[in-house]
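Below are the chains, spelled out letter by letter.
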Amino acid sequence: MKMAFSSKLILITGPSGVGKGTLVKKLLERNKNIWLSISATTRMPREGEEDSKHYYFLERKRFEELINENGFLEWAEFAGNLYGTPGFQVKQKLDLGKKVLLEIELEGARQVRKSCPEAFQIFIAPPNFEELEKRIRERGTETEESIRNRLSRAKKELQAKNEFDAVVINDDLSQALLALEELIGDI
Ligand code: ADP
Ligand code: 5GP
């Protein structure tokens with residue numbers, strides 16, 4: 001069986017609004033040897049999001065150039081925007097012996113499963129669909145169109161949870177964090 005402790009590449013997936021960003025932030029605060037990959041995206045920054053910290057915010061043309069240059073470990077279209085993991089940083093950090101965390105959506109996770117089968121893949125699930133909708137609405141960052149888009153995608157993503165090495169249900173936040181830490185550990 002694949003063990004998260006022995007895997008250097010950890011991947012977290014789950015529907016938009018489930019709490020991935022919240023959990024990952026807390027995980028990083030408490031586990032200093034984990035490096036979070038910064039993705040590139042064509043979506044507009046949300047209030048408070050900074051370029052090169054939360055994402056590399058790119059024009060679509062530049063993003064497409066990087067696809068053609070094989071610059072991404074994986075990439076996918078999500079709710080009308082492109083998202084991708086720059087390959088060079090992941091390789092560099094793995095070579096330095098760091099534990100690398102990717103927080104990406106389902107299509108990208110499937111690509112990584114093919115190209116890096118040693119990666120440990122965790123799916124974060126909501127306690128139920130109503131709670132997911134409530135969280136994404138109460139976050140207050142999305143237009144109605146984006147919410148609908150994300151919820152419709154979430155239905156498909158939830159069906160794929162059994163493809164993953166582990167499923168963590170984010171009901172109570174601190175319990176979900178402990179479950180994640182138990183899976184990933186620190187080194
Ligand atoms: P994601 O990164 O998966 O899109 P976020 O981390 O942005 O999701 O969380 C979506 C919203 O749900 C945020 O407002 C966050 O504060 C809230 N949230 C996260 N985890 C929980 C939880 N366990 N219980 C209640 N609310 C949560
Ligand atoms: P958001 O717009 O809410 O920041 O992200 C939307 C979705 O894109 C989330 O499910 C997030 O995990 C995913 N995502 C973020 N970065 C990447 C990436 O580099 N690749 C892929 N495939 N998905 C990503």
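Structural data are supplied above this passage.
Residues numbered from 1 in each chain as written. Chains lettered and ligands numbered in written order. Predicted model: local features only at pLDDT ≥ 70, side-chain atom pairs only at ≥ 80, totals over all residues. Heavy atoms only, no water.

**Q** If you had to explain the site of ligand 1 to someone new, which residues and values would you point to?
**A** Of all residues adjacent to ligand 1, which total 13 residues, the nearest are G17, K20, G21, T22 and R139. G21 places a main-chain nitrogen or oxygen 2.8 Å from an oxygen atom of ligand 1. The backbone of L173 places a nitrogen or oxygen atom 3.5 Å from a nitrogen atom of ligand 1. A total of 570 Å² of accessible area belongs to ligand 1 in isolation, and the protein chains cover 73% of it. Taken together, the elements giving at least two residues each to the shell around ligand 1 come down to α1 (20–30) and α5 (129–139). Ranked by the residues each element gives to the shell around ligand 1, the list is headed by α1, at three residues. Among the residues forming the shell around ligand 1, the class breakdown is three nonpolar, six polar and four charged. (Near = heavy atom within 4 Å. Polar contact = N/O pair within 3.5 Å; in protein donor to acceptor, adjacent residues only side chain to side chain. Areas by Shrake-Rupley, 256 points an atom, 1.4 Å probe, with all protein chains shown as cover. Helix = DSSP H or I, 4+ residues; strand = E, 2+ residues; numbered from the N terminus. Nonpolar A, V, L, I, M, F, W, Y, C, P; charged D, E, K, R; others polar.)

**Q** How would you sum up the pattern of salt bridges? Please name residues and give values.
**A** For the coordinates displayed, the defined rule picks out 22 salt bridges. Here D95 ties to K91 by a salt bridge, and the two come within 2.8 Å at their closest N and O atoms. Of this pair, D95 and K91 both sit in helix α3 (residues 87–95), four residues apart, roughly one helical turn. Residue classification places K91 among the exposed positions, given a relative accessible area of 53%. Across the pair R110 and E107 runs a salt bridge, and its minimum N-O distance is 3.4 Å. Here R110 pairs with E107, and both are found in helix α4 (residues 106–115), just three residues apart, close to one helical turn. By relative accessible area, which is 30% here, R110 ends up partly exposed. Among the charged side chains, a network of salt bridges with common partners joins R43, R46, E49, R139, E142 and R150. (Salt bridge = Lys/Arg side-chain N within 4 Å of Asp/Glu carboxyl O. Buried < 20%, exposed > 50% of the residue type's maximum accessible area, 1.4 Å probe, protein only.)

**Q** Could you give me a rundown of the side chain of E157, with the residues and numbers involved?
**A** Among the structural elements, E157 can be located in helix α6 (residues 144–159). Buried E157, no salt bridge; nearest opposite-charge side chain is R153, N-O distance 4.1 Å. Other than its neighbours up to four places away in sequence, E157 contacts G14, P15, S16, F78, E105, L106 and F123. (Lys, Arg positive; Asp, Glu negative; His and termini not counted. Contact = heavy atoms within 4.5 Å.)

**Q** Explain the sheet that holds strand β4 (residues 56–57) to me, using residue names and the numbers behind them.
**A** The strand order across the open sheet formed by four strands is β4-β3-β6-β5, and the pairing between neighbours is mixed. On the outer flanks of this sheet lie β4 and β5 (72–78), each paired with one strand and no other. In this structure, β5 lies alongside strand β6 (residues 81–86), joined through six bridges in antiparallel fashion. Of the residues in β6, the one forming a bridge with A76 is Y83. Sitting on the sheet, α3 is in contact with β4, β5 and β6, with an inclination near 30 degrees to β6. (Pairing = 2+ DSSP bridges. Axes fitted to C-alpha atoms, helices over the stretch in contact; angles between N-to-C directions.)

**Q** With reference to specific residues and values, describe the packing of aromatic side chains.
**A** What the rule picks out here adds up to five aromatic pairs. Measuring from ring centre to ring centre gives 6.0 Å for F78 and Y83, while their planes differ by 85 degrees; the resulting arrangement is edge-to-face. When sorted by exposure, F78 lands in the same class as Y83, which is buried. Here a set of aromatic residues connected by ring pairs shows up, and it is made of Y55, F57, F78 and Y83. It is R113 that lies over the ring of F164; its NZ or CZ is 4.9 Å from the centre. (Phe/Tyr/Trp six-rings, centres within 6.5 Å; stacked < 30°, edge-to-face > 60°. Lys NZ or Arg CZ within 6 Å of the ring centre and 35° of its normal.)

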